[in-house]
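Chain residues, written in single-letter form:
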Amino acid sequence: MLDHAEAVARRVGEPYGTLVLTFAVTAIEVSIIVSMMLHGANNPTLARESVFSTVMITSTGVVGICLTLGGWRYRKQAILRQGTSAYLSVLIALTVMTLILPTYTKATDPGTFSAAQLGFVSVLSVLLYASFVFAQTVRHREDFVQGQAHDGPMRTASHDSISVSALLLASGLIGIVLLAEQVAASVEDALAAYQVTQADSIVGALIAALVLMPEAISAIRASFKNELQRSLNVAMGSACATIGLTIPAVAAASLLTGRGLTLGLPASDAVLLALALFICSVSFSTERTTFLTGMVHIVVFFTYVFLIFVP
């Protein structure tokens, strides 16, 4: 499936190519979370845990592996600081509005939004993400594209081969949706049967890991080709899309079905999220990265994984 995704991406060029996989993965995550919300009893924190896991996996795990392996192979790798700063500013704004702010609002119980607040924040999230995509693809495209040498060959593939690749990509993504839904539902039922207290965190992390696997492999491949900016476009773009699109979609499902939705993170998760975003800000403050930069991200990622099972 990754080969088909990369074929489509190379046909449309950057940064549009990274958006192909990002939108596809986001659609998968939305469908899985909504189906899990409607599976059995109400599960108000599943969406929060899945989105939080996606941000942590991309910003610490995927980014950390890309920086470490790429830095070890090439010693130093270049990034476009303006583009990465744009990713971080959007990601910070979206995460604070959707995962931190609900803990401190007063209209409803801590961790939740009222219907008006949920609708308002959802609209702002979509508008902010749409503005970011416009800047990335039209207004400031040069801030996200590193090296144009491949653009010519990327566009020489025949329309027939691209159509086949797009069709096979869609088929593969549908298969992942069906598989992830079955696996996540089975795991959720098993954890509930054994009365595991961290069931939502485990299921949320599982959903995020399954959904992000194609993007993670694509990002790592790009870092091995010394295309670190493309790796960051894939990883950080996924985190931004997850919050900018998944949260509004889940919010709409919650409002339509009347099922509760808890978005505010507990204190320990909020600290980890703040740490991850702060480290990203420091790591991308210069135009060069090394393997040591990646190791810092990986350490935070292992801390996140450990605290899922030993909170």
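Everything that follows concerns the structure shown earlier in this document.
Please read all numbers here as calculations on a predicted model, not as lab measurements.

Draft legend 1. Up close: helix 4 (residues 81–100). Between its first and last C-alpha, helix 4 extends 26 Å over 20 residues, near the 28 Å set by a 1.5 Å rise per residue. Considered for burial, the residues of helix 4 that qualify are Gly83, Thr84, Tyr87, Leu88, Val90, Leu91, Leu94, Thr95, Thr98 and Leu99. Elements that come into contact with the buried residues of helix 4 comprise helix 3 (46–74), helix 5 (115–139), helix 9 (228–257) and helix 10 (267–283).

Draft legend 2. Highlighting the environment of Leu94. Its place among the elements puts Leu94 in helix 4. The spacing of Leu94 and Ala239 is 145 residues in sequence and 9.8 Å in space, taken between C-alpha atoms. Apart from residues lying up to four places away in sequence, Leu94 is in contact with Leu99, Ser125, Leu128, Cys240, Ile243 and Gly244.

Draft legend 3. Expanded view of the nonpolar core. Formed by 67 residues in total, the largest nonpolar core has its most connected members in Met56, Leu273, Phe284 and Tyr304. A per-element tally of this core places helix 9 first, with 12 residues. Sequence-distant contacts of Met56, that is, excluding residues within four places in its chain, are made with Gly61, Leu272, Leu273, Ala276, Val300, Phe301 and Tyr304.

Draft legend 4. Summary view of the environment of Tyr87. Tracing the backbone shows Tyr87 in helix 4. Through-space distance from the C-alpha of Tyr87 to that of Asn233 is 8.4 Å; in sequence the pair is 146 residues apart. With sequence-adjacent residues up to four places away left out, Tyr87 is seen in contact with Phe132, Gln136, Phe144, Leu232, Asn233, Met236, Gly237 and Cys240. Within the local environment of Tyr87, its side chain forms a polar contact with the side chain of Gln136, the two groups lying 2.8 Å apart.

Rules used in this analysis
- Residues numbered from 1 in each chain as written.
- Predicted model: local features only at pLDDT ≥ 70, side-chain atom pairs only at ≥ 80, totals over all residues.
- Heavy atoms only, no water.
- Helix = DSSP H or I, 4+ residues; strand = E, 2+ residues; numbered from the N terminus.
- Expected span 1.5 Å × (residues − 1).
- Buried < 20%, exposed > 50% of the residue type's maximum accessible area, 1.4 Å probe, protein only.
- Contact = heavy atoms within 4.5 Å.
- Core = buried A, V, L, I, M, F, W, Y, C linked by side-chain atoms within 4.5 Å.
- Polar contact = N/O pair within 3.5 Å; in protein donor to acceptor, adjacent residues only side chain to side chain.

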